[in-house]
2 protein chains.
Amino acid sequence: MNASLIRQTLQEYDVKPSLSRIKIYDYLYNNRIHPSAEMIYKALVDELITLSKTTVYNTMHLFADKGIVRTIGFPNEETRFDINVTPHYHFKCRNCGNVYDIPYSKVDIESSVRDGFDIETVEVHMIGRCPKCS
Amino acid sequence: MNASLIRQTLQEYDVKPSLSRIKIYDYLYNNRIHPSAEMIYKALVDELITLSKTTVYNTMHLFADKGIVRTIGFPNEETRFDINVTPHYHFKCRNCGNVYDIPYSKVDIESSVRDGFDIETVEVHMIGRCPKCS
DNA sequence: ATCATTGCAAACACTTTGCATACGC
DNA sequence: GCGTATGCAAAGTGTTTGCAATGAT
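All residue numbers here refer to positions counted from 1 along the written sequence of the relevant chain. By the order in which they are written, chains take letters starting at A while ligands take numbers starting at 1. Note on the predicted model: pLDDT of at least 70 is required for a residue's local features to be given, and 80 or more for side-chain atom pairs to be given and counted; whole-chain, interface and lining totals, by contrast, use all residues. In computing side-chain properties, one takes all heavy atoms of the structure into account and sets aside hydrogens as well as water.

Describing the interface of chain A and chain B
Now for step 1: In this assembly, 43 residues from chain A lie in contact with 43 residues from chain B.
Now for step 2: In what follows, salt bridge is the name for a side-chain nitrogen of Lys or Arg lying within 4 Å of a carboxyl oxygen of Asp or Glu. Seen at the junction of chain A and chain B, the total is 0 salt bridges.
Now for step 3: Polar contact is defined as a pair of N or O atoms within 3.5 Å, subject to the rule that within protein one atom must be able to donate a hydrogen and the other to accept it, and that residues adjacent in sequence are counted only when both atoms are side-chain atoms. Remark: the boundary between chain A and chain B carries 20 residue pairs in polar contact (both at pLDDT 80 or more).
Now for step 4: A run of DSSP states H or I qualifies as a helix once it reaches four residues; a run of E qualifies as a strand once it reaches two. Both are numbered from the N-terminal end. The set of elements that each furnish at least two residues to the side of chain A that touches chain B consists of β1 (70-72), β3 (89-93), β4 (99-102) and β6 (117-129) of chain A.
Now for step 5: In this classification, Asp, Glu, Lys and Arg are treated as charged, Ala, Val, Leu, Ile, Met, Phe, Trp, Tyr, Cys and Pro as nonpolar, and every other residue, Gly included, as polar. Classifying every residue of the side of chain A that touches chain B by side-chain character gives 21 nonpolar, 12 polar and 10 charged. By definition, residues are in contact when any of their heavy atoms lie within 4.5 Å.

Here you go:
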């Protein structure tokens, strides 16, 4: 995905394509590792030498608001960001820390082992409105 | 559940029944609201006037290690603790902040509304070992 | 010239750590 | 008396906020 296509994509999401935003989008698009703000910052600061973490946070909030990314929050871990906004599950390896996308079709939550992923715990979090508040 | 029964329960889990631990267990047992460390502290400090948050954290770590509680980590929220360690889902109301237990049988993740719970987002987190690390 | 974006520094919330004191057997 | 539990204060981590500087049109 080249710069002008990213520019166009951001505009479709109603986001003004500044340099930081383009570079961050580019990084997310080409590195499907569900990076944290820190990982994004470290990956880009050599190229964008004035980049600050504040800008990364600002940008990720904006991207999340506009639906460009979804946020992933494993317990007691930094927030990570996923440019794949289609529905899927996440698997985090307790050993290497990598986060993987797991398609719905690949997993039956009742079972513990699928395709070499040794699932020790499953946490299902639903967010919405409870009967009292609807 | 009276003090001597709690004492006995803690011992079965290989935890020495100190006063703080008994009171914290008692609180968790009788208040199924998935409290945070802060909530536990505030609820007990009037009675246990020397209680510190450190002790709450120490105790919750110990309880989690021994399998007395499970921890619940919604994205960007404080850790909450659940004395119900049998498998179930969690639903957090975005309006009132309450966390509810949802039995497996009550929910079909593909649907969005069940028994008055208006589910806006579902996050499924699996933790374990990935194929590279097994 | 105006308005949005950026980025530093400080504040913040939650949690952990170091260490000295107190408690229980 | 010895080993564990407790609790204060400080440090640590990830994130947010206030505000001034910069950049784009």
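Next comes the rest of the description.
Describing the protein's contact with DNA strand C
Now for step 1: Nearness here has a simple test: a residue counts as near a molecule or strand if at least one of its heavy atoms is within 4 Å of that partner. Inspection of the region around DNA strand C gives 15 residues, with Ser18, Arg21 and Thr50 of chain A together with Tyr57 and His61 of chain B positioned closest.
Now for step 2: Each atom of DNA strand C within 4 Å of the protein was classed as base or backbone; sugar and phosphate made up 76%.
Now for step 3: Side-chain polar atom of Ser18 of chain A to a phosphate oxygen of DNA strand C: 2.6 Å apart, as the coordinates give it.
Now for step 4: Residue Arg21 of chain A places a side-chain N or O atom 2.8 Å away from a phosphate oxygen belonging to DNA strand C.
Now for step 5: Within the residue set of the surface near DNA strand C, elements represented by two or more residues are α2 (19-30) and α4 (53-66) of chain A together with α4 (53-66) of chain B.
Now for step 6: For the surface near DNA strand C, a count of residues per class yields 2 nonpolar, 10 polar and 3 charged.

Looking at the pattern of salt bridges
Residues and elements named next belong to chain A.
Now for step 1: On inspection of all chains with the given rule, the structure shows 12 salt bridges over all chains.
Now for step 2: Put simply, Glu120 and Arg94 hold a salt bridge, and the shortest N to O gap is 2.6 Å. With Glu120 in strand β6 and Arg94 in the loop between β3 and β4, the pair connects residues that are 26 residues apart, well separated along the chain.
Now for step 3: On the accessibility criterion, Arg94 (47% relative accessible area) is partly exposed. Each residue is placed in one exposure class: buried if its accessible area under a 1.4 Å probe, protein chains only, is under 20% of its type's maximum, exposed if it is over 50%, and partly exposed if it falls in between.

Some thoughts on the protein's contact with DNA strand D
Now for step 1: Inspection of the region around DNA strand D gives 15 residues, with Tyr57 and His61 of chain A together with Ser18, Thr50 and Thr55 of chain B positioned closest.
Now for step 2: Contact distances for DNA strand D include 2.7 Å between a phosphate oxygen and a side-chain N or O atom of Tyr57 of chain A.
Now for step 3: The contact in question runs from a phosphate oxygen of DNA strand D to an N or O atom on the backbone of Ser52 of chain B, over 3.3 Å.
Now for step 4: Looking at the surface near DNA strand D, the elements that each hand over two or more residues are α4 of chain A together with α2 (19-30) and α4 of chain B.
Now for step 5: Classifying every residue of the surface near DNA strand D by side-chain character gives 2 nonpolar, 10 polar and 3 charged.

Digging into the domain arrangement of chain A
One widely used convention gives an interface's size as the accessible area the parts lose upon coming together.
Residue and element names in this part refer to chain A.
Now for step 1: The split into domains, and so the bounds of each, comes from an automatic or database assignment of domains. Segmentation of chain A into domains returns domain 1 (3-78) and domain 2 (89-128).
Now for step 2: Opposite the 6 residues of domain 1 that make contact, domain 2 presents 7 residues.
Now for step 3: Note on domain 1 versus domain 2: buried area summed over both sides is about 620 Å², and carbon and sulfur give 61% of it.
Now for step 4: We note a salt bridge from Lys92 to Glu77, for which the minimum N-O separation is 2.7 Å.
Now for step 5: Between the two partners, domain 1 and domain 2, sit 3 residue pairs in polar contact (both at pLDDT 80 or more).
Now for step 6: When its residues are assigned to classes, the side of domain 1 that touches domain 2 shows 3 nonpolar, 1 polar and 2 charged. Buried area: the sum, over both parts, of the accessible surface (1.4 Å probe) that disappears when the two are put together.

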